[in-house]
Amino acid sequence: MNVHDSERLSGLLEDAGYVQAADGELADVLVFNTCAVRENADNKLYGNLGQLYERKLENPDFQIAVGGCLAQKDKEVIVKKAPWVDVVFGTHNIGSLPALLDRARHNEEAQVEILDALETFPSDLPTKRDSTYAAWVSISVGCNNTCTFCIVPALRGKEKDRRPGEILAEIKALVAEGVIEITLLGQNVNTYGVEFGDKGAFAKLLRACGEIEGLERVRFTSPHPAAFTEDVIVAMAETHNVMPQLHMPLQSGSDRILKDMKRSYRSSKYLGIIEKVRELIPDAAISTDIIVGFPSETEEDFQETLRVVKESRFAVTYTFQYSKRPGTPAAELPGQISKEVVQERYERLLEVVNDLAWQENKLQIGKRVEVLIGNNEGRKDDRTHRLTGRARDSRLVHIDWPEGLEEPRPGDLVWATVLDAKPYFLIADTGAKPEVRRTIAGDAYDRAQAESCGVPTAAVTPKKGTIGLSVDVKVNQ
Ligand code: SF4
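Here's a quick rundown of the structure. Fair warning: this is a prediction, and the values are worked out from it, not measured in the lab. (Residues numbered from 1 in each chain as written. Predicted model: local features only at pLDDT ≥ 70, side-chain atom pairs only at ≥ 80, totals over all residues.)

**Section: the site of the ligand**
At step 1: The immediate surroundings of the ligand are formed by twelve residues, with C143, C147, C150, V152 and Q187 found nearest.
At step 2: Here the residues of the shell around the ligand are counted per class, giving five nonpolar, seven polar and no charged. (Near = placed C-beta within 6 Å. Nonpolar A, V, L, I, M, F, W, Y, C, P; charged D, E, K, R; others polar.)

What follows is the structure, encoded as structure tokens:
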């Protein structure tokens, strides 16, 4: 969610006449988009703000803005602790940022504006995307659940759904710009439609995405197991461009802990969903999030998590050590687990999930996979003469590229055969005559390259100031 908000913030500021600071250039405006879900988020923020104090003294025109979940939570506390901050804005009014920066500059005093309810749906605001081929599209914001470890409901409010027509119009506009992969985004996509009274709305939305010409890949994050219904699995299986991939947070395999977490499903329901997904989409890669060391978790509870993990055969598991988040009900629960015990369980879990991921990846050896070439996904590509992208099931694939042959562009699609597997990536080969499909996303990449070389393709807004954006990202479910 924060990545998406950051793209909106960049787009908004560029729309207001700001331009991105070049590498190494000191920005005139620095925006922190914070996330309260992360451990130590506040220490990190106040540490960063402290480091900027000198710069503010040297240049009073330099502006600092703080937004996101932590701003929504701390409100005026931020300007009390760091009075050199110019603007504090919340998660419901990111659209106000340019006006707040102007007002702070004009009035020469800090502006704090936090709204309790959403003013404008984030996707109605201008966006600056970092990728030419992939984009996030918000379908809902907020969450009606009350998971006891999570700060999101307190900070982002009740679920607010966007109308399907608006979502589809945004996707079509993105495809017209060259985007071929979209990820539908919501804290709980399975309850999409609850606000306008259509329980089947998410499955219908997936099917409607299937009708959009030029849209090659559709993903979504995150579903909630409690609200997951079979019509969604059927829609996934029957819609040609919905990818065989599912990220579904488990959090714990123990029914007792799930109850304490106020996650209203049990392990049998979770495993039942996975079974159905595998029945209808046999090549689906399934990933999850797990929290280790939730208050009062016993060794037996932890063994339950290991059992469900093994039965689920996750392709990827994002593991988290429980830590108290002030403002969440779980922070007040008795039976907080010592750091040593959490660490020890975490390491055991890591060993199991890494091994499972590796076993699952080894099953890919010999298969032909369609890879969407990414933009800088493989950090060692230049050295290893490889290209990197994502398979349809979202696995990371490094492709050995024949020397001397013209390379596909980011956004193009390449077929390759998997030769080897590591726990978190695959190595593949295209053969001497690679099968490449040039896409509208590759064309969009060419256009973006031409623009960055100074070939005029669009009107340029006058420069108002340069911006830097510091992003602290974690999508929690
Ligand atoms: Fe909602 Fe996800 Fe937070 Fe639970 S963890 S309250 S489902 S955002």
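Having seen it, we continue.
**Concerning helix α9 (residues 230–238)**
At step 1: The complete set of buried residues in α9 reads V232, I233, A235 and M236. In a view along the axis of α9, the buried residues occupy a sector of 160 degrees, so they form one face of it.
At step 2: Buried residues in α9 make contact with α8 (201–210) and α11 (267–280). (Buried ≥ 20, exposed ≤ 12 C-beta atoms within 10 Å, placed from the backbone. Helix = DSSP H or I, 4+ residues; strand = E, 2+ residues; numbered from the N terminus. Arc of directions from axis to C-beta. Contact = placed C-beta atoms within 7 Å.)

**Notes on helix α2 (residues 41–58)**
At step 1: Between its terminal C-alpha atoms α2 stretches 27 Å, which fits the 26 Å expected from 18 residues at 1.5 Å a residue.
At step 2: Of all bends in α2, the biggest is about 35 degrees, found at L52. (Expected span 1.5 Å × (residues − 1). Bend = angle between axes of the 7 residues up to and from the residue.)

**Quick look at the sheet that holds strand β9 (residues 181–185)**
At step 1: Spatial ordering of the open sheet is given by β6-β9-β10, a layout of three strands whose pairing is parallel. Bordering the open sheet on either side are β6 (134–138) and β10 (217–221), each of which pairs with just one other strand. Going from strand to strand, the sheet's axes swing by 25 degrees on average, the running direction of each strand aside.
At step 2: Pairing of β6 with β9 involves five bridges; the strand directions are parallel. Within β9, the residue paired with A134 across the bridge is E181.
At step 3: In the packing of helix α7 (residues 164–177) onto the sheet, contacts are made with β6 and β9, and the angle to β6 comes to roughly 165 degrees. (Pairing = 2+ DSSP bridges. Axes fitted to C-alpha atoms, helices over the stretch in contact; angles between N-to-C directions.)

**Observations regarding the environment of F89**
At step 1: When you line up the elements, F89 lands in strand β4 (residues 87–89).
At step 2: Exposure remark for F89: the 27 C-beta atoms within 10 Å place this residue in the buried category.
At step 3: Once you skip the residues sitting within four places of it in the chain, F89 turns out to touch A65, G67, A71, I94, S96, L97, L100 and E113.

**Overview of the pairing of strand β15 (residues 386–390)**
At step 1: Within β15, four of the five residues are buried, which leaves the element mostly enclosed by the surrounding structure.
At step 2: Summarising the sheet, strand β14 (residues 368–373) and β15 pair through two bridges and their orientation is antiparallel. Looking at β15, one finds that L372 is bridged to R390.
At step 3: The pairing of β15 with strand β16 (residues 396–400) spans five bridges and is classified as antiparallel. Following the sheet pairing, G389 is matched in β16 by V397.

**A short note on the packing of α8 against α9**
Think of two packed helices as two axes; the pair is described by the angle between the axes and how far apart they sit.
At step 1: For the pair α8 and α9, the least separation of the axes is 8 Å and the interaxial angle reads 5 degrees. Relative to α9, the element α8 lies roughly parallel. Across the interface between the two elements, F202, A203, L206 and R207 from α8 touch D231, V232, A235 and M236 from α9.
At step 2: The class makeup of the residues in the contact of α8 with α9 is six nonpolar, no polar and two charged. (Parallel < 35°, antiparallel > 145°, perpendicular 65-115°, else oblique.)

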